[in-house]
Amino acid sequence: MKLTLPDGDKLEIEEGTRVIDIAYDIGEGLGNATVGATLDGELLDLRDEVVDEGDFEIITIDSPRANEIIRHTASHVMAQAVKRLYEDVKLAIGPAIDDGFYYDFDLPKSLSEENFAEIKSKMEDIVEEGYEIERLTMDAEEAEEYLSDKNEKYKLELLNEFVSEGEKEVSFYRQDGFTDLCEGPHLRDTSQLKHFELLDVAGAYWRGDENNVMLQRIYATAFAKEKNLKEYVQRKEEAKERDHRKLGPELDLFTFHPELGPGLVYWHPKGTEVLHQIKEFWRAKHRKAGYEFVSTPHIGKSDLWEKSGHLDYFREDMFPPMRESNQEYFLKPMNCPFHIQIYQSRTRSYRDLPLRWAELGTVYRHERSGVLHGLLRARGFTQDDAHVITTPDQVKEEVTGVLNLTFDIMSAFGFNDYKVALSTKPEKAVGDAKRWEEATEALRESIMDLGLDYEVEKGEGAFYGPKIDVHLEDALGRFWQTTTVQFDFNLPERFDMTYMGSDGREHRPYMIHRALMGTLERFFGLLVEHYKGAFPVWLSPVQVAVLPVTEDNNEYAEKVAEKIRNEGIRVDARTGTDENLSREIHEAQLEKIPYMLVVGDKEEETGEVSLRLRTEEDLGPRPLEEFIEFATEKIEEKARL
RNA sequence: GCCCGUGUAGUUCAGUCGGUAGAACAUCCCGUUGGUAAUGGGAAGGUCGCCGGUUCAAUUCCGGCCGCGGGCUCCA
């Protein structure tokens, strides 16, 4: 049989030849460097026998795909180290993940970061001792006996599952005395493991189920080159620097006051200014896209939530009710039932559709205490919510419209890379099959029409309808879920929404929930991290700081500021302080104010201002009018600076 | 909600092997009128997260609760 090599050459091999033997066949150097291979993109262990034809590529320790293998082996080495160190350790699972790997253990001792040094040092021993890693296979019975002997109850559970899935044989990997039920792939030798770091210890439920016991998980990472490990650590530090929970209070944008209610945001004047800019922009874009705006109450009687089904299915996530005489009122966790009331206020005709109703609706959800995370996961938040109510034949066009609007808005914030996910019908679902199919197809076709790459998340849709989620990539290459476009077959049914068709009969409309930025809080948080607090001029709470050189220039500074303010630009004259210029610049710099105007005797004489950017560039003096023109233009075009 | 960690001035942190605490920055006051990232001096500021227990004495030891952080689960 033939394999196609990366350079296009065909390699004739005998079926069942091992990866490592193929590598040596190509060249001895390559053979020595081999840690695995890919066949049509699938990762193979170096010990695997190749039985299919396809695109074949050898992986050496330096290739990007090698990380997966390195980390998998690193997780075994870590597990072995933990077993060497502590009593009564049972192994659960230890896979490679995106940025590293982890291993889940069950042991009586509770692990903490203080133990990292000794674990790492034992790992280094195992690396130094340089054990060959061998693979062995056992049939189900043998394996069961072996694992029972070792008292590895979690591994036994996994084994039983494999067997019930029809596996006759399972593989183990062994280095020194350490043997682990494992599919691989792995390195050839523990000495190939060079650069690794333990990162965190955390709890994790066995099999991810909160009804199961909690295991102890150690997160760690490993790389082929020290340089890459350092870069990774740096990236983590950079992310810490950008953390909106640190920058928010530092830049006087917002605070939390947990003693007065965890997960509830207090927006300071500067944060509120930024928020207003975002909202104004959002409104303008929606108006242009043919949306109308609605405003609805924050609370509603229990009848409403009973009818919507929230009290049955969402109650845990709602704040407890407030009572008024013998009635219960609930804070809204969603806006939809209210929008439906507006729809129901009169008989709707097919001529009215589509309706596109948007509201920056503030909702409250009683999120479980452990999940709160600054602005990204709060208990009170504002959705940039809208409901699109359409006839069946308008569905696709409406979805396309929503996606276009999304990308239009996002590009203004400098987001141009996305991941799109289409989630299909889950096992437990309401609504008829035909509607599910139509809606899912409409979503799919819209994505295709826009030429977007997307992934299908099978069965991941909500019980009430399929959805599209969009994840944005930020300046640090991290992805954030923002946009969601969801069909709802449940609420129109529950509220018996109808419209009069051209045939004179009542029809059930399609309803689409959509939030483009997701929630303003979350979006704001991600903007802070994306920009590292240095908002583009149009968003900056203070766009210009006027800095007098001495107090004698205060009057001129005020005059300059007034002229700028009259042009609608947000400006702050720093005349209330007698600090020297360097100090004023230092402070404006820390506040990340885009433009600093230095005004001293020289400027006062000529009616000029000296412009300094927050990027530390001194652009020198220019007439005030010229600066105003410059700034206005930058704001207009939504420039970064 | 669960596991681990953690909680000292506005902020970042030190400290007390049980005798009620200290620095830097920020704040306020005084002096300096300074030309592109921190002027000098002084003052004020903390029931050491909350409640309970042990003790002559608790910020320190023990227990409970709350919050925060890293994860897990959850996000109809």
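Colleague: Would you take a moment to explain the side chain of threonine 400 for this structure?
Modeller: Among the secondary structure elements, threonine 400 is positioned in helix H13 (residues 395-412). The class of threonine 400 is buried, set by a relative accessible area of 15%. Here serine 446 takes part through its side chain, which lies 3.0 Å from a polar atom of the side chain of threonine 400. In contact with threonine 400, not counting residues within four places along its chain, are Ser446 and Leu450.

Colleague: Even after reading the chapter, I still don't get the sheet that holds strand E18 (residues 292-293), so can you show me in this structure?
Modeller: Strand pairing in a sheet is mediated by backbone hydrogen bonds. Such pairs are either parallel or antiparallel. Pairing in this open sheet of eight strands is mixed, and the strands run E18-E22-E23-E30-E27-E26-E24-E25 from one edge to the other. What marks the edges here is a single partner per strand, and that holds for E18 and strand E25 (454-457). Each of strand E22 (355-364), strand E23 (380-390), strand E24 (418-423), strand E26 (467-473), strand E27 (479-488) and strand E30 (510-519) is contacted by H13, which is oriented at about 5° to E30, the strand it contacts most. Along the sheet face, helix H14 (residues 433-449) touches E24, E25, E26, E27 and E30 and points at about 165° away from the line of E24.

Colleague: Mind showing me how you'd approach the layout of surface pockets here?
Modeller: Take a probe with the size of a water molecule and roll it over the atoms, and the empty space left behind shows itself. Within this model, the largest pocket holds a volume of roughly 1200 Å³. Looking at side-chain class alone, the lining of the largest pocket contains 13 nonpolar, 14 polar and 12 charged residues. Its boundaries defined by the atoms lining it, the second largest pocket holds a volume of some 760 Å³. Lining the second largest pocket are 25 residues, with Phe162, Ser171, Cys182, Glu183 and Gly184 sitting closest to its centre. Listing elements by their share of the lining of the second largest pocket, those giving two or more residues are strand E5 (42-45), helix H3 (66-85), strand E11 (133-139), helix H6 (153-164), strand E12 (169-175) and strand E13 (178-181). Of the residues assigned to the lining of the second largest pocket, the class counts are 11 nonpolar, six polar and eight charged. Residues lining the lining of the second largest pocket come from more than one domain, with at least three contributed by each of domain 1 (2-60) and domain 2 (66-239).

Rules used in this analysis
Residues numbered from 1 in each chain as written. Chains lettered and ligands numbered in written order. Predicted model: local features only at pLDDT ≥ 70, side-chain atom pairs only at ≥ 80, totals over all residues. Heavy atoms only, no water. Helix = DSSP H or I, 4+ residues; strand = E, 2+ residues; numbered from the N terminus. Buried < 20%, exposed > 50% of the residue type's maximum accessible area, 1.4 Å probe, protein only. Polar contact = N/O pair within 3.5 Å; in protein donor to acceptor, adjacent residues only side chain to side chain. Contact = heavy atoms within 4.5 Å. Pairing = 2+ DSSP bridges. Axes fitted to C-alpha atoms, helices over the stretch in contact; angles between N-to-C directions. 1 Å grid on protein atoms, 1.4 Å probe; cavity = no way out; pocket = protein on both sides within 12 Å on 5 of 7 lines; lining within 4 Å. Points joined across faces, edges and corners; volume = space filled by probe spheres on them. Nonpolar A, V, L, I, M, F, W, Y, C, P; charged D, E, K, R; others polar. Domains from an automatic or database assignment.

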